[in-house]
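Okay, here's what each chain looks like letter by letter:
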Amino acid sequence: MSLLPWHDIDTVLLDMDGTLLDLHFDNHFWLEHLPQRYAELHGVSRAMAEMELQPLFERHAGQLQWYCLDFWSAELKLSVRELKLETAHLIALRPDADTFLAAIKQAGKRVVLITNAHRDSLSLKLEKIELAPYFERLISSHEYGFPKENPQFWDALQADIGFDPGRSLFIDDTLPILRSARDFGVAHLLAVSEPDSRKGPKDTAEFAAVGDYRELIAGL
């Protein structure tokens, strides 16, 4: 991919899951571990568990509650926090993400994490992977009451941290979120070519994608 125009970028906004962390943990949890444990805890077959969960997942996808552990714990009548701990060994950094973070911080860029992850998910991941020192702020969309897909998230972020979208880079693995950022005026946008290390490359549509974070450091 071509070099980023680093001289035009003051602020770097970064997603967490699938962008800095391997999405394998989340995919495995929601698609494999949770249905299995739901089946065991509610005394139903795995197939029945998936039949019950699938429409719920579809109904809430992309909304704030989709990312809320309290919501799912109440909805599914089990402790999602405790179930996540059972698979926490799968939480892993994407290759060279820490090298990239260290380089942009060293270069004096303003670095802010913006995630739809619930605060409990964020805390669990920060216990496993030392991300916090690289960031000026760690922001969960739950603080604003809107997911990143929603234009109001970007208004709230602007009011909170006062960044210039025209001089900002945003990296995320979710296309509707990147489009929402583009609509707000964020000038430099990158998707992630392989958010889940077990699933291979994905189609990033109209967005250029990062596969190797070391490539982004060139020209910094």
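What you see is a predicted model; the values in this text were computed from it and never measured. The written sequence of each chain sets the order in which its residues are numbered from 1. Per-residue local features of the predicted model are confined to residues with pLDDT of at least 70, and side-chain atom pairs are confined, for both listing and counting, to 80 or more; whole-chain, interface and lining totals are unaffected and use all residues. Derived side-chain values reflect all non-hydrogen atoms in the structure, with water molecules and hydrogen atoms excluded from consideration.

Trainee: I'm lost on the nonpolar core in this one. Help?
Mentor: Looking at soluble globular proteins, one finds that nonpolar side chains tend to be buried together. In plain words, nonpolar cores are sets of buried Ala, Val, Leu, Ile, Met, Phe, Trp, Tyr and Cys residues tied together by side-chain atoms within 4.5 Å. For every residue, the accessible area (1.4 Å probe, protein chains only) is compared with the maximum for its type, and the residue is labelled buried under 20%, exposed over 50%, or partly exposed between those bounds. Residues Leu14, Leu101, Phe135 and Ile171 are the most contacted members of the largest nonpolar core, which totals 31 residues. Helix numbering and strand numbering both begin at the N terminus, where a helix is a DSSP run of H or I of at least 4 residues and a strand a DSSP run of E of at least 2. Those elements that provide at least two residues to this core are β1 (11–14), α5 (97–106), β2 (110–115), α6 (119–128), β4 (168–171), β5 (188–192) and α9 (213–217). With four residues, α5 is the largest single contributor of residues to this core. Counting 19 residues, the second largest nonpolar core, distinct from the first, contains Val112, Ile114, Trp154 and Phe207.

Trainee: Just to check I follow, could you spell out the sheet that holds β4 for this structure?
Mentor: Hydrogen bonding along the main chain pairs the strands of a sheet, whether they run parallel or antiparallel. For two strands to be treated as a pair, DSSP must find at least two bridges joining them. Taking strand neighbours across the sheet as the criterion, the six strands line up as β3-β2-β1-β4-β5-β6 in an open arrangement whose pairing is parallel. At either margin of the open sheet sits one strand with a lone partner, and together these are β3 (137–140) and β6 (209–210). Two residues form a contact once any of their heavy atoms are found within 4.5 Å. Inter-axis angles, ranging from 0 to 180 degrees, are taken between N-to-C directions of lines fitted to C-alpha atoms, where helices are fitted over the stretch in contact. Seen against the sheet, α6 touches β2 and β3 and runs at an angle of roughly 140 degrees to β3.

Trainee: Any chance you could explain unusual backbone geometry here in plain terms?
Mentor: Glycine aside, residues mostly have negative phi angles, and peptide bonds mostly take the trans form. The phi dihedral of Lys77 falls on the positive side, at around 55 degrees, and the residue is not glycine. Among the secondary structure elements, Lys77 is positioned in the loop between α3 (69–76) and α4 (80–86). When its relative accessible area of 66% is taken as the criterion, Lys77 is described as exposed. Here the phi dihedral of Asp96 falls at roughly 65 degrees; this positive angle occurs in a residue that is not glycine. Of note, Asp96 is situated in the loop between α4 and α5. Its relative accessible area of 24% is what places Asp96 among the partly exposed residues.

Trainee: Mind showing me how you'd approach the domain arrangement of the protein here?
Mentor: Frequently, the measure chosen for interface size is the accessible area removed from exposure when the parts meet. When the domains of the protein are assigned, the result is domain 1 (6–22 + 92–217) and domain 2 (25–89). Summed over both partners, the accessible area lost on bringing two parts together, with a 1.4 Å probe, is the buried area. A buried area of about 1300 Å², summed over both sides, lies between domain 1 and domain 2, and 58% of it is on carbon and sulfur atoms. Between Lys or Arg on one side and Asp or Glu on the other, a salt bridge is scored when a side-chain nitrogen of the former is within 4 Å of a carboxyl oxygen of the latter. At the junction of domain 1 with domain 2, the criterion picks out two salt bridges. Between Asp120 and Arg81 there is a salt bridge, with the nearest N and O atoms lying 2.3 Å from each other. N or O atoms closer than or at 3.5 Å make up a polar contact, with two conditions inside protein: a donor-capable atom paired with an acceptor-capable one, and, for residues adjacent in sequence, both atoms drawn from side chains. Scanning the region where domain 1 abuts domain 2 turns up eight residue pairs in polar contact (both at pLDDT 80 or more). Each residue is assigned to one class: nonpolar for Ala, Val, Leu, Ile, Met, Phe, Trp, Tyr, Cys and Pro, charged for Asp, Glu, Lys and Arg, and polar for all the others, Gly among them. Its residues assigned to classes, the side of domain 1 that touches domain 2 shows four nonpolar, six polar and eight charged. These domain limits were set by an automatic method or by a database of domain assignments.

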